Number of protein chains: 2
Amino acid sequence: MLADDQQQPSNDPAGGAPRRRATIHDVAKLAGVSRQTVSRAVNDKGEIDPGTKERVLEAARLLDYRPSRFARGLVRKGTVTAGLVIPDLMNPFFPEVAAGVLEAAERRGWQVVVWDSRTDEAREREALDVLSHQADAVVGYFKNPDDVLARHLGGVPLVLLERGPQQTRFAAVGIDAAAGLAAGLAHLVHAGHRRIGMLDGVHGPAPRRQAFLAEVRRHGLPVDEGWIAMCPEHSVAGGEEGMERLLDTRPEITAVFGFNDLIAVGAMRAARRRGRTVPGDLAVLGFDGLSLGELVEPGLTTLHIDKRQLGRLAVEQVARLRAGEEPMSGADAWVVPELVVRSSA
Amino acid sequence: MLADDQQQPSNDPAGGAPRRRATIHDVAKLAGVSRQTVSRAVNDKGEIDPGTKERVLEAARLLDYRPSRFARGLVRKGTVTAGLVIPDLMNPFFPEVAAGVLEAAERRGWQVVVWDSRTDEAREREALDVLSHQADAVVGYFKNPDDVLARHLGGVPLVLLERGPQQTRFAAVGIDAAAGLAAGLAHLVHAGHRRIGMLDGVHGPAPRRQAFLAEVRRHGLPVDEGWIAMCPEHSVAGGEEGMERLLDTRPEITAVFGFNDLIAVGAMRAARRRGRTVPGDLAVLGFDGLSLGELVEPGLTTLHIDKRQLGRLAVEQVARLRAGEEPMSGADAWVVPELVVRSSA
DNA sequence: TTGTAAGCGTTATCAC
DNA sequence: GTGATAACGCTTACAA
C-alpha cells in the first residue's frame, strides 16, 4: 500500500539524475491503463475494478506519484487560500489573533498562508507582492498607506486589522479604542488620579492615543503631548524605555496608560526600578488583555480584547468581500475592550 | 491604472448574477487583442506597445481580472508551499518556532500554510489530509504515530518537530533534552537539592521525562514515578494543577522541574499559594526559555531553547528531503538547551 | 509589436 | 469497468 511507505527518500527507483516529478501520465503508462483510470484509482471513486485499482496504486507508489495541486486546482474549483500578514509573532497578542483567523478559515475550508512582516513596511510590500499572486484574499496589519497597499495588491481583496473606517478605504475590523479608554480612564479617575500619562507605541494605531487624549480632556485633566512618551518598540523593553523617559519629563504623574500590555509591563518594571511602587506611587493600565498580565506582580489592570474574535471577524469580512456583499462596518466590525481590574491600577 | 482601484466591491460592472472570475481570455476579448498580449501586459514584459498595454490593463481592471494561480503554477514551476502544523498558538513557545520556520521559508522563497492542531490527534489528521494535497512538504508537531501519519500523508515529505531519530522513521529536528537536563539537574544538585520532583506534560515529548529520570538517578537521588505529576495541559493552569497534586503526594520535595516554562510558572504560583516561598522552600526549574520567565517574580531559572533555530532547522530538513539528500541526523538536527539561571532556582 | 499553437497535469463527459 | 477527448487558464516558443 501507498500508505506504508515511510522511509522518506523513498524516491529514485532508477537511481539517476534528479528526475522530474511523476505525472498521472507516467503512472498510467507504467500501470498500462489510461490516465482517467489512474485518476479514478487515486481519488478512489467507484467504477473501477479492484484489481486494476491495486495495480495503479502500486505503480503510483513506485513512482512516488502525487497529483499536482495546480492541475487539480485548475479543474476543481473551490480551493480558497487567504494570506495573513502578522507584524510581530513575539507579541502574544498576534498569535491569538492569528488563531482566530485560522479557526474561522478552517471552518470555511480555507487555507491560510502566513507572513511575518516584522512591522517593516518594505516587508509588508513584499508580502503583498507574493500573496497577491498566491492568495484569494489578504488580511493583516499594515503600516503602508492605502494607495501603496493597493498598488501591491493587484486587485486582491484586503481586510485591514485594527483600522477604523475613517482611516482606510479598505474593509477593516477594528477595536473600539474610545469605548475602552472611556472605561479605563473612568477607573483611574475614580481612583483619584488626576495626572495621567501615556506610553504610546511607535507604529501602532493612532486611535489609542487619540482616545486617551479625548478622555483625559473630557475629565478636565491636565494633559498635552508632553505627557505622552513614545516607546521605540511594542515590547516590555520598549515600555521600560518609554517609562524612563516619561518619569524624567513628567515625574508628577500618578498613573500611566500603556499602548499595550507589553509596554505596560515594561512601565511597571521601570517604575519599580526607579523606586516607585505600583500601584501605590504609580498606577498602570494596559491594553490587550494578555494572559501575561495575570502572571506579573502586581497583576496588570488592562483593557481586555477578544483577539480571537478579531481574527474571526476579519475572516468574515473576507467572506463578504468574496461574496460581493457589503463588508460589515461600524459596531459590527468592532471588538469592544473590556476593563479587567487587577492590582496595578 | 489598475493600482488605483481601491474601493473593494469594485466588481460587477454589469450588476448581475455572481459572475465567474474573468480569465485572460475575457480580457483579451474586451481589449481586442490576443491572450498572449494580455499576458505580456499583465506580467509587464517588454515587447509590447505602451498604448496596447494601457488598453489591456484598463480592460483587466474593468473585469477585475487576476491571473489564476493554478494555471500559472501549472506552467511556471517553482512555487513551493510548506505546511506547518502547530499544536498550541497560545503557548508562546510555538509562535517563536513558527517565526523560525517562516523566516527560513521566506528566505527560500517558499510559502507556509499554517494549521493549528490544538494538540488534537484527529485535527492533526485533518490537517494532513488537506496539506498532503496542498503542500509540497509538511513540518510540525504530531502526536499520531508514524504509521498513521504516513497514511494521511500520501507521500508528501514530513519533518517532525521535537522527535529524536529513535522515535520516528521520518526526518526530524529535536531538542537535546539529555544535555539540557544534565545542566539543569547539576545546578539543582549543586545548590543542595536532593528531593527533586517533576511536573510532566501529558502529550509532550517523552525525552524530557526520561532525561529527568536518568539524571536524577545518575546523581544517586531518590526518585520514582511518584515524584512525577502529570499536568492536564501545557499551561500555567496545568502547572498549578500538577503542582497541587505533587505537593499533596510528595510534600518533601525541595525542587521541581517543569516540563515547560508555562508549567513551571504555574508551579511557582501554586507553591506560593500553599505558603511555600520560591526558591526558599521550593526551587523551580523550567524548560523553554520563554521571555515570560524574565517577567515573573522570582525570575524563572530555565533551560533556554533557541526556538527560532529549531524552526529554521526544520525547514532545512525539508530542503534536504526535497533535494533527495539525506536529512541531517544526530547533533546537526538538535538544538541544545542552555541553562539560564534567574532567581527561582 | 502582435498573434498562433502547443503544452502544463488534472478531471469530467461521454462514448465504448 | 475503461478509455478517448475536451476543457481548465495560463505561459512559452515560434511565426507573422
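Notes on the structure in this doc start here. The shown structure was predicted, so the numbers you read here are calculated from the model rather than taken from an experiment.

Rules used throughout
Residues numbered from 1 in each chain as written. Chains lettered and ligands numbered in written order. Predicted model: local features only at pLDDT ≥ 70, side-chain atom pairs only at ≥ 80, totals over all residues. Heavy atoms only, no water. 1 Å grid on protein atoms, 1.4 Å probe; cavity = no way out; pocket = protein on both sides within 12 Å on 5 of 7 lines; lining within 4 Å. Points joined across faces, edges and corners; volume = space filled by probe spheres on them. Nonpolar A, V, L, I, M, F, W, Y, C, P; charged D, E, K, R; others polar. Least-squares fit on C-alpha atoms with pLDDT ≥ 70 in both. Contact = heavy atoms within 4.5 Å. Near = heavy atom within 4 Å. Polar contact = N/O pair within 3.5 Å; in protein donor to acceptor, adjacent residues only side chain to side chain. Helix = DSSP H or I, 4+ residues; strand = E, 2+ residues; numbered from the N terminus. Pairing = 2+ DSSP bridges. Axes fitted to C-alpha atoms, helices over the stretch in contact; angles between N-to-C directions. Parallel < 35°, antiparallel > 145°, perpendicular 65-115°, else oblique. Left-handed = near helix turned anticlockwise from the far one by under 90°. Buried < 20%, exposed > 50% of the residue type's maximum accessible area, 1.4 Å probe, protein only. Patch = residues over 30% accessible without salt bridge, like charges linked within 9 Å, V, L, I, M, F, W, Y side chains within 5 Å. Areas by Shrake-Rupley, 256 points an atom, 1.4 Å probe, with all protein chains shown as cover. Salt bridge = Lys/Arg side-chain N within 4 Å of Asp/Glu carboxyl O. Expected span 1.5 Å × (residues − 1).

### A closer look at empty space enclosed by the protein
Here comes step 1: In the structure shown here, the tally under the stated rule is 5 cavities of 30 Å³ or more.
Here comes step 2: Within this model, the largest cavity holds a volume of roughly 150 Å³.
Here comes step 3: Looking at the largest cavity, it is lined by 14 residues, and the ones nearest its centre are A:Arg69, A:Thr81, B:Arg69, B:Thr81 and B:Gln134.
Here comes step 4: Taken together, the residues that form the lining of the largest cavity break down as 4 nonpolar, 8 polar and 2 charged.

### Digging into the relation of the copies chain B and chain A
Here comes step 1: Aligned on chain A, chain B shows an RMSD of 0.1 Å; the corresponding rotation is 180° and the shift along the axis is 0.0 Å. Here the symmetry operator amounts to a two-fold rotation axis.
Here comes step 2: In this assembly, 99% of the residues forming the interface of chain B have copies in chain A that are likewise at the interface, indicating an isologous arrangement.

### So, the protein's contact with DNA strand C
Here comes step 1: Within the structure, DNA strand C sits among 28 residues, and A:Ile24, A:Arg72, B:Thr37, B:Asp49 and B:Thr52 are positioned closest to it.
Here comes step 2: Each atom of DNA strand C within 4 Å of the protein was assigned to sugar, phosphate or base; sugar and phosphate come to 60%.
Here comes step 3: One nitrogen or oxygen atom from the main chain of B:Ser34 is found 3.0 Å from a phosphate oxygen belonging to DNA strand C.
Here comes step 4: Within the side chain of B:Lys77, one N or O atom sits 3.5 Å away from a sugar or linking oxygen of DNA strand C.
Here comes step 5: Those elements that place two or more of their residues in the surface near DNA strand C are helix H2 (35–42) and helix H4 (69–75) of chain A together with helix H2 (35–42) and helix H4 (69–75) of chain B.
Here comes step 6: Ranked by residue count, the leading element in the surface near DNA strand C is H4(A), at 4 residues.

### Comments concerning the protein's contact with DNA strand D
Here comes step 1: Near DNA strand D lie 29 residues; those nearest to it are A:Thr37, B:Ile24, B:Gln36, B:Tyr65 and B:Arg72.
Here comes step 2: Taking all atoms of DNA strand D within 4 Å of the protein, the share assigned to sugar and phosphate is 65%.
Here comes step 3: At 2.5 Å, a side-chain N or O of A:Thr37 approaches a phosphate oxygen of DNA strand D.
Here comes step 4: Interatomic distance of 2.8 Å between a side-chain N/O atom of A:Arg40 and a base nitrogen of DNA strand D.

### Topic: the sheet that holds strand S6 (residues 196–201) of chain B
Residues and elements named next belong to chain B.
Here comes step 1: Pairing within the open sheet is mixed, and its 6 strands lie in the order S7-S6-S8-S9-S10-S12. Pairing within the sheet leaves two strands with one partner each, and these edge strands are strand S7 (228–231) and strand S12 (338–340). Mean inter-strand twist for the sheet, computed between neighbouring axes without regard to direction, equals 20°.
Here comes step 2: Of the strand pairs in this sheet, strand S8 (residues 255–258) and strand S9 (residues 283–288) are connected by 3 bridges, and their pairing is parallel. Counterpart to Phe257 in the pairing with S9 is Leu285.

### Looking at the packing of helix H1 (residues 24–31) of chain A against helix H3 (residues 50–63) of chain A
Residue and element names in this part refer to chain A.
Here comes step 1: Contact geometry of H1 with H3 gives a least axis separation of 9 Å together with a crossing angle of 125°. On the basis of the axis angle, H1 is oblique to H3. Remark: the crossing between H1 and H3 carries right-handed chirality. Touching Asp26, Val27, Leu30 and Ala31 of H1 are Arg55, Val56, Ala59, Ala60, Leu62 and Leu63, all from H3.
Here comes step 2: For the contact of H1 with H3, a count of residues per class yields 8 nonpolar, no polar and 2 charged.

### Considerations on the environment of B:Ser132
Residue and element names in this part refer to chain B.
Here comes step 1: In this fold, Ser132 is placed in helix H6 (residues 121–134).
Here comes step 2: Using a relative accessible area of 14% as the deciding quantity, one classes Ser132 as buried.
Here comes step 3: Each C-alpha atom of the pair Ser132 and Val156 lies 5.9 Å from the other, and the pair is 24 residues apart in sequence.
Here comes step 4: At 3.1 Å, the side chain of Ser132 and the backbone oxygen of Asp129 are in polar contact.

### Notes on the side chain of A:Gln317
Residue and element names in this part refer to chain A.
Here comes step 1: By the element assignment, Gln317 lies in helix H13 (residues 307–323).
Here comes step 2: Reaching out from Gln317, the side chain makes a polar contact with the backbone oxygen of Ala172 at a distance of 2.9 Å.
Here comes step 3: Residues within four places of Gln317 in sequence aside, it is in contact with Val159, Ala172, Val173, Pro327, Met328 and Ala333.

### Regarding unusual backbone geometry
Across the chain, the bulk of peptide bonds are trans and the bulk of non-glycine residues have phi less than zero.
Here comes step 1: Here the bond from A:Glu297 into A:Pro298 is cis, since omega is -5°, no more than 30 degrees from zero.
Here comes step 2: Assignment of secondary structure puts A:Pro298 in the loop between helix H12 (292–295) and strand S10 (301–304).
Here comes step 3: B:Val278 connects to B:Pro279 through a cis peptide bond whose omega is 5°.
Here comes step 4: Tracing the backbone through its elements, the reader meets B:Pro279 in the loop between helix H11 (261–273) and S9.
Here comes step 5: A positive phi is found at A:Asp64, a non-glycine position, where the angle reads about 55°.
Here comes step 6: One can find A:Asp64 in the loop between H3 and H4.
Here comes step 7: Here A:Thr119, not a glycine, exhibits a phi torsion of approximately 55°, which is positive.
Here comes step 8: Structurally, the position occupied by A:Thr119 is in the loop between strand S2 (111–116) and helix H6 (121–134).

### Things to note about the environment of A:Arg195
Residue and element names in this part refer to chain A.
Here comes step 1: In this fold, Arg195 is placed in the loop between helix H8 (177–190) and strand S6 (196–201).
Here comes step 2: In the structure, Arg195 is positioned 26 residues away from Leu221 in sequence and 7.0 Å away in space, judged by C-alpha atoms.
Here comes step 3: The contact partners of Arg195, leaving out residues within four places of it in the chain, are Trp227, Glu252, Ile253, Thr254 and Ala255.
Here comes step 4: Within the structure, Arg195 has its side chain in polar contact with the backbone oxygen of Glu252 (distance 2.7 Å).

### Comments concerning a nonpolar patch on the surface
Here comes step 1: Taken together, the side chains of A:Leu74, A:Val75, B:Leu74 and B:Val75 present a nonpolar region at the surface, about 350 Å² in accessible area.
Here comes step 2: Every element with two or more residues in the nonpolar patch is listed here: H4 of chain A together with H4 of chain B.
Here comes step 3: Locating B:Leu74 in the fold gives a position in helix H4.

### Topic: helix H11 (residues 261–273) of chain A
Because each turn of an α-helix spans 3.6 residues, side chains separated by three or four positions end up pointing in the same direction.
Residue and element names in this part refer to chain A.
Here comes step 1: Under the 1.5 Å per step criterion, the end-to-end length of H11 is 18 Å for 13 residues, consistent within 8% with the ideal 18 Å.
Here comes step 2: Counting buried residues in H11 gives 10 out of 13 residues, a clear majority hidden from the surface.
Here comes step 3: Turning to H11, its buried residues are Asp261, Leu262, Ile263, Ala264, Val265, Gly266, Ala267, Met268, Ala270 and Ala271.
Here comes step 4: In this structure Asn260 caps H11, since a side-chain oxygen of it lies 3.1 Å from the backbone nitrogen of Leu262.
Here comes step 5: After H11 finishes, the residue Gly275 shows a positive phi value of roughly 90°.

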